[in-house]
Amino acid sequence: MEAPFWGYFIGCLKMSDIEEKLSKALEEVISTKGMRVMNMNISNSSSSPSIKIIIDSLKGIGLEDCAFTSKLADDLIKINDYFDDYDIEVSSPGINRQLFSITDFMLYKGFMVKIKLKSSMNNQKNFIGKIKNIVEENIEVELDDSEIIFDFKNIKKANIQEI
């Protein structure tokens, strides 16, 4: 069953509010270890919510970083009484890491990226090129024979492409 357009409510909190509060609380602690929360998603499609957290660090992410973040998230969920029964999955972004924010695009300036758009540009939705520049909400990408500027709000999904 899909969530209604306003999201699931747990007690007085919407699911998106829980994601935001949990993400901020995690970020506060893991940032002291040089890590950051890249993305968090809580889906409530089964009897128990599934919480997926992607973390990153300039030094890379190891198993111990995932275990630490998982335990921390578990403690925060229990302390705040968000859910009784749930699953947590913490992972690194992987080789073809997804870019979730303007900050991610800035960190990977100069890298090859595959971009999928919400609305087509020049009669296409999929592009592969090198991240050239980021100005406010605009991502400039160098394609094989041209350059194109994408509005960040029109990007449905973007992943780093390994060469």
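Scroll up to find the structure.
Here the structure is a predicted model, which means the values were calculated and not measured.

Asks: Honestly, the overall build of the protein chain in this entry has me stumped. Any pointers?
Replies: For the protein chain, the helix and strand inventory stands at three helices and ten strands. Along the protein chain, from the amino end to the carboxyl end, the secondary structure elements read β-β-α-β-β-α-β-α-β-β-β-β-β. Counting across all 163 residues of the protein chain, residues that qualify as buried make up 39%. Here the protein chain has roughly 10000 Å² of accessible surface; of this, 50% comes from carbon and sulfur atoms.

Asks: What's the story with the side chain of Asn159 in this structure? I'm lost.
Replies: Looking at the element boundaries, Asn159 is found in strand β10 (residues 155–160). Only 2.9 Å separates the side chain of Asn159 from the backbone oxygen of Asn96, close enough to count as a polar contact.

Asks: Mind showing me how you'd approach the packing of aromatic side chains here?
Replies: Within a pair of aromatic rings, the relevant descriptors are the distance that separates the centres and the angle that separates the planes. Considering all chains together, one arrives at four aromatic pairs under this definition. Ring centres of Phe105 and Phe152 lie 6.1 Å apart, and the angle between their planes is 85°; this geometry places the pair in the edge-to-face category. You can see Phe105 sitting in helix α3 (residues 102–107) and its partner Phe152 sitting in the loop between β9 (147–151) and β10, a full 47 residues away along the chain. In this pair, the class of Phe105 matches that of Phe152, namely buried. Measuring from centroid to centroid gives 5.2 Å for Tyr108 and Phe111, while their planes differ by 80°, and the two rings are edge-to-face. Sitting over the face of the ring of Phe68, Lys33 holds its NZ or CZ atom 4.6 Å from the ring centroid.

Asks: Explanation requested: the nonpolar core in the structure shown.
Replies: In summary, soluble globular proteins display a tendency toward joint burial of nonpolar side chains. Residues Leu26, Ile51, Ile53, Ile55, Ile77 and Phe83 are the most contacted members of the largest nonpolar core, which totals 20 residues. Elements represented by at least two residues in this core include exactly α1 (15–30), β3 (35–43), β4 (50–57) and α2 (63–80). At five residues, the largest contribution of residues to this core is made by α2. Residues contacting Leu26, with those up to four places away along its chain left out, are Val37, Met40, Ile53, Thr69, Leu72, Ala73 and Leu76.

Asks: Is there a simple way to think about the pattern of salt bridges in this case?
Replies: Any two side chains of opposite charge can pair if their charged atoms end up close together. Enumeration according to the criterion identifies seven salt bridges in this entry. Note that Glu20 and Lys24 form a salt bridge whose closest N and O atoms lie 3.3 Å from each other. Residue Glu20 and its partner Lys24 are both found in helix α1; the two are separated by four residues, about one turn of the helix. Accessibility expressed as a relative area gives 53% for Lys24, which makes it exposed. Between Glu147 and Lys132 there is a salt bridge, with its nearest N and O atoms 2.4 Å apart. Here Lys132 lies in strand β7 (residues 124–135) and Glu147 lies in strand β9, a separation of 15 residues in the sequence. The partly exposed category is assigned to Glu147, whose relative accessible area is 42%. Among the residues examined, Lys132 registers a relative accessible area of 35% and is labelled partly exposed.

Asks: In this structure, what is going on with the sheet that holds β4? I would like to understand it.
Replies: Whenever strands of a sheet pair, they do so through backbone hydrogen bonds, lying parallel or antiparallel. Taking strand neighbours across the sheet as the criterion, the three strands line up as β3-β4-β5 in an open arrangement whose pairing is mixed. Taken across any chain shown, the strands that pair with only one partner, and hence form the sheet edges, are β3 and β5 (87–91). Strand-to-strand twist of the sheet, defined as the mean angle between neighbouring strand axes without regard to direction, takes the value 15°. Bridge count between β4 and β5: five bridges; the pairing is parallel. Its bridge partner being in β5, Ile51 is matched across the sheet by Ile88. Contacting β3, β4 and β5, α2 crosses the sheet at an angle of about 145° to β5.

Cut-offs used in this document
- Residues numbered from 1 in each chain as written.
- Predicted model: local features only at pLDDT ≥ 70, side-chain atom pairs only at ≥ 80, totals over all residues.
- Heavy atoms only, no water.
- Helix = DSSP H or I, 4+ residues; strand = E, 2+ residues; numbered from the N terminus.
- Buried < 20%, exposed > 50% of the residue type's maximum accessible area, 1.4 Å probe, protein only.
- Areas by Shrake-Rupley, 256 points an atom, 1.4 Å probe, with all protein chains shown as cover.
- Polar contact = N/O pair within 3.5 Å; in protein donor to acceptor, adjacent residues only side chain to side chain.
- Phe/Tyr/Trp six-rings, centres within 6.5 Å; stacked < 30°, edge-to-face > 60°.
- Lys NZ or Arg CZ within 6 Å of the ring centre and 35° of its normal.
- Core = buried A, V, L, I, M, F, W, Y, C linked by side-chain atoms within 4.5 Å.
- Contact = heavy atoms within 4.5 Å.
- Salt bridge = Lys/Arg side-chain N within 4 Å of Asp/Glu carboxyl O.
- Pairing = 2+ DSSP bridges.
- Axes fitted to C-alpha atoms, helices over the stretch in contact; angles between N-to-C directions.

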